[in-house]
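Coordinates in review
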Amino acid sequence: MKEVLRFVGALLLILAGTGSGMAVYSHKYSCWRQLYTFSRFLRYLEETLTYQALTGTQLLRRAERYPEFARIGLARCRELTDVPLPASMPEPLRQEVRSNLEQLAFESRTSACSTLQRMARLCEDAAAEKQSEASAARKLWPRLGACLGVFAAILLW
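Residues numbered from 1 in each chain as written. Predicted model: local features only at pLDDT ≥ 70, side-chain atom pairs only at ≥ 80, totals over all residues. Heavy atoms only, no water.

**What about the packing of aromatic side chains?**
Applying the stated rule across the entire model yields eight aromatic pairs. Here tyrosine 29 and tryptophan 32 contribute two aromatic rings whose centre-to-centre distance is 5.3 Å and whose plane-to-plane angle is 50 degrees, an arrangement assigned as tilted. One end of the pair is tyrosine 29 and the other is tryptophan 32, both in helix α1 (residues 2–51) and three residues apart, which spans about a single turn. With a centroid separation of 5.3 Å and an interplanar angle of 25 degrees, the aromatic rings of tryptophan 32 and tyrosine 36 are classed as stacked. Highlighted residues: tryptophan 32 and tyrosine 36, both in helix α1, separated by four residues, approximately one helical turn. Grouped by ring-pair contacts, the aromatic residues Phe38, Phe41, Tyr44, Tyr66 and Phe69 constitute a single cluster. (Phe/Tyr/Trp six-rings, centres within 6.5 Å; stacked < 30°, edge-to-face > 60°. Helix = DSSP H or I, 4+ residues; strand = E, 2+ residues; numbered from the N terminus.)

**Things to note about the packing of α1 against helix α2 (residues 56–64)**
The packing of two helices is summarised by the inter-axis angle and the distance between the axes. The geometry of α1 relative to α2 is characterised by a closest axis approach of 10 Å and an angle of 120 degrees between their N-to-C directions. Judged by the angle between their axes, α1 and α2 are oblique. By crossing handedness, the relation of α1 to α2 is classed as right-handed. Note on element contacts: α2 touches α1 through Leu59, Leu60, Arg62 and Ala63, opposite Phe41, Tyr44, Leu45, Thr48 and Leu49. Classifying every residue of the contact of α1 with α2 by side-chain character gives seven nonpolar, one polar and one charged. (Axes fitted to C-alpha atoms, helices over the stretch in contact; angles between N-to-C directions. Parallel < 35°, antiparallel > 145°, perpendicular 65-115°, else oblique. Left-handed = near helix turned anticlockwise from the far one by under 90°. Contact = heavy atoms within 4.5 Å. Nonpolar A, V, L, I, M, F, W, Y, C, P; charged D, E, K, R; others polar.)

**Looking at the pattern of salt bridges**
Enumeration according to the criterion identifies eight salt bridges in this entry. In this structure, arginine 40 and glutamate 68 form a salt bridge, with 3.1 Å as the shortest nitrogen-oxygen distance. Taken together, the residues span a long stretch of sequence, with arginine 40 in helix α1 and glutamate 68 in helix α3 (residues 67–70) at a distance of 28 residues. A relative accessible area of 38% places arginine 40 in the partly exposed class. Beyond isolated ion pairs, a larger network of salt bridges with shared partners links Arg43, Glu46 and Glu124. (Salt bridge = Lys/Arg side-chain N within 4 Å of Asp/Glu carboxyl O. Buried < 20%, exposed > 50% of the residue type's maximum accessible area, 1.4 Å probe, protein only.)

**Some details on the layout of surface pockets**
In this structure, the largest pocket spans a volume of roughly 250 Å³. The computed volume of the second largest pocket comes to approximately 160 Å³. Every residue along the wall of the second largest pocket is listed here: Ser39, Arg40, Arg43, Tyr44, Glu47, Tyr66, Glu68, Phe69 and Glu124. Of all elements in the fold, only α1 and α3 reach the threshold of two or more residues within the lining of the second largest pocket. (1 Å grid on protein atoms, 1.4 Å probe; cavity = no way out; pocket = protein on both sides within 12 Å on 5 of 7 lines; lining within 4 Å. Points joined across faces, edges and corners; volume = space filled by probe spheres on them.)

This is the structure we're talking about:
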């Protein structure tokens, strides 16, 4: 009976380690998803503004209709400056995007489209970096967690 309990305990340690590794991957994936969704949101604004002369509020109301952009939290936004930025966005990029969103109200339509395009490209680059981090985390952390679980089980055996 004692050996069965040890085996079950060892198995639980391995599963806990693997689960912890999956949690790290899940966090990295969530960071990527936030930036990816935000870059798609900026692309949507740019494409819509290219073909239709709309105000910032009108752009937000149109974007609000899409379930993909609902995660951003557009329902509480009245102006483009109210759009919440992703928590996973690096601070220098966050400052640049925030200042560009404030500047959009004073730009011509053509200039605003260029600004949105540039912001989207920057966010896409940041999202690509986070995606590579998530991909590496998917390969590394669950295995590392399982190995740590095995190591802990061996030490406690």
